[in-house]
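The residues making up each chain are set out below.
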Amino acid sequence: DAEITQSPRHKITETGRQVTLACHQTWNHNNMFWYRQDLGHGLRLIHYSYGVQDTNKGEVSDGYSVSRSNTEDLPLTLESAASSQTSVYFCASSRTRNTGELFFGEGSRLTVL
Amino acid sequence: AQSVTQPDIHITVSEGASLELRCNYSYGATPYLFWYVQSPGQGLQLLLKYFSGDTLVQGIKGFEAEFKRSQSSFNLRKPSVHWSDAAEYFCAVGSQGNLIFGKGTKLSVKP
C-alpha cells in the first residue's frame, strides 16, 4: 500500500544544532506539506511544495527550510534548533492541488534542550 | 483574515449519545471545508469534505457535517457516539491544498 513515512519519530537535540526531519511518500503526489502541532495552536503550516524544485513558505517558516529534489521526498531542516521549535511535526501530501485532501504521516516529535 | 474557530476545546459525551462539534470559518472565497480526526500518537485522518453541491455531507465512521453559508459554519455530527470515537477533531478550510486548521476539539466518551 502507498504511504507516507516520517523519520525519526522521536528526536532530542540541543539548541543550535542542525536537525533534518525526513518525509517520504509513495503515492507519487506532487504536493507535499510540513506542519507543526502545538498545544493551543492546532496545526500551522511551515513550508509546502507543489512539485520538484518548487518550495513555498507557510505561516511559520522562520528557522526552517525545505528542498524538493524528487517527487517522493520533502526533508525539513532546522538550521539552528531553538527551544521554541520543540513540537510535533507532521508531513502531508495531496494528489491534486485543488481538492486539498491531505494524507498525513504519523508525526515526528522533536525536543530541543 | 482567514481563520477557523472551534469554540469547544474539550467535550465529553456518553456512549450512545449524539454529538455535534462546532466549526466557524472566515474565508474570502467559497472554501473547501474538511474535518479531520486524530487519535493519540497518530497523524490526522480525513473524516469528510465539502467542495460544492449538497450541503449535508457524509463521511466515514458514521459522521456527517452540514455547510451553512449564512452562518459560516461547518458543524460535525454523529447520531450515536462509540467509545472508539474518543479523539481530537480538527476543522480545516482552504484551497490549493493550503489548509488552515482550527485548534481542535478533544472528544472524551463516557461509558
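Up top you'll find the structure we're talking about.
My aim in this report is to walk through the structure given alongside it, one point at a time. (Residues numbered from 1 in each chain as written. Chains lettered and ligands numbered in written order. Predicted model: local features only at pLDDT ≥ 70, side-chain atom pairs only at ≥ 80, totals over all residues. Heavy atoms only, no water.)

### Section: the interface of chain A and chain B
Then, number 1: Residue-level contacts link 21 residues of chain A with 20 residues of chain B.
Then, number 2: Interface area for chain A against chain B, summed over the two sides, is near 1,700 Å², with a carbon-plus-sulfur share of 50%.
Then, number 3: At the boundary of chain A with chain B, the tally comes to one salt bridge.
Then, number 4: Linking E101 of chain A and K49 of chain B is a salt bridge whose minimum nitrogen-to-oxygen distance equals 2.5 Å. (Contact = heavy atoms within 4.5 Å. Buried area = accessible area lost by both parts, 1.4 Å probe. Salt bridge = Lys/Arg side-chain N within 4 Å of Asp/Glu carboxyl O.)

### A look at the layout of surface pockets
Then, number 1: By volume, the largest pocket amounts to about 640 Å³.
Then, number 2: For the lining of the largest pocket, the secondary structure elements donating two or more residues are β4 (31-38), β9 (87-94) and β11 (108-112) of chain A together with β1 (3-5) and β10 (87-95) of chain B.
Then, number 3: The element that contributes the greatest number of residues to the lining of the largest pocket is β10 of chain B, accounting for three residues.
Then, number 4: Here the residues of the lining of the largest pocket are counted per class, giving eight nonpolar, 14 polar and seven charged.
Then, number 5: Volume-wise, the second largest pocket comes out at about 280 Å³.
Then, number 6: Around the second largest pocket, the lining is made up of 18 residues, and of these L43 and E59 of chain A together with L99, I100 and F101 of chain B lie nearest the centre.
Then, number 7: When contributions to the lining of the second largest pocket are tallied by element, the ones reaching two or more residues are β5 (42-51) of chain A together with β10 and β11 (98-101) of chain B.
Then, number 8: Split by residue class, the lining of the second largest pocket holds eight nonpolar, seven polar and three charged. (1 Å grid on protein atoms, 1.4 Å probe; cavity = no way out; pocket = protein on both sides within 12 Å on 5 of 7 lines; lining within 4 Å. Points joined across faces, edges and corners; volume = space filled by probe spheres on them. Helix = DSSP H or I, 4+ residues; strand = E, 2+ residues; numbered from the N terminus. Nonpolar A, V, L, I, M, F, W, Y, C, P; charged D, E, K, R; others polar.)

### Description of the sheet that holds strand β3 (residues 19-25) of chain A
All names here are of chain A.
Then, number 1: Pairing is antiparallel in the open sheet, where four strands are placed in the order β1-β3-β8-β7. Of all strands in the sheet, those with a lone pairing partner are β1 (4-7) and β7 (64-66), marking the two edges. Averaged over all neighbouring strand pairs, the angle between strand axes comes to 20°, with direction disregarded.
Then, number 2: As judged from the three bridges shared by β3 and strand β8 (residues 76-78), these two strands associate in the antiparallel manner. By the bridge assignment for β8, V19 is matched with L78. (Pairing = 2+ DSSP bridges. Axes fitted to C-alpha atoms, helices over the stretch in contact; angles between N-to-C directions.)

### Quick notes on the nonpolar core
All names here are of chain B.
Then, number 1: Membership of the largest hydrophobic core comes to 27 residues, with the highest contact counts inside it found for L19, W35, L47, L48, F74, L76 and Y89.
Then, number 2: Counting only elements with at least two residues in this core, the list comes to β2 (10-14), β3 (19-21), β5 (32-38), β6 (44-50), β8 (64-68), β9 (73-78), β10 and β12 (105-110).
Then, number 3: Broken down by element, this core gets its largest block of residues, four residues, from β10.
Then, number 4: Once residues within four sequence positions are removed from consideration, Y89 is found in contact with Q6, L21, W35, Y36, V37, L47, F63, L76, G104, T105 and L107. (Core = buried A, V, L, I, M, F, W, Y, C linked by side-chain atoms within 4.5 Å. Buried < 20%, exposed > 50% of the residue type's maximum accessible area, 1.4 Å probe, protein only.)

### As for the environment of E15 of chain B
All names here are of chain B.
Then, number 1: Within the element layout of this structure, E15 appears in the loop between β2 and β3.
Then, number 2: Taking the C-alpha atoms as reference, E15 lies 9.5 Å from S84; in sequence the two are 69 residues apart.
Then, number 3: In contact with E15, other than residues within four places in its own chain, are V81, H82, W83, V109, K110 and P111.
Then, number 4: Of the polar contacts made by the side chain of E15, one reaches the backbone nitrogen of W83; its length is 3.2 Å. (Polar contact = N/O pair within 3.5 Å; in protein donor to acceptor, adjacent residues only side chain to side chain.)

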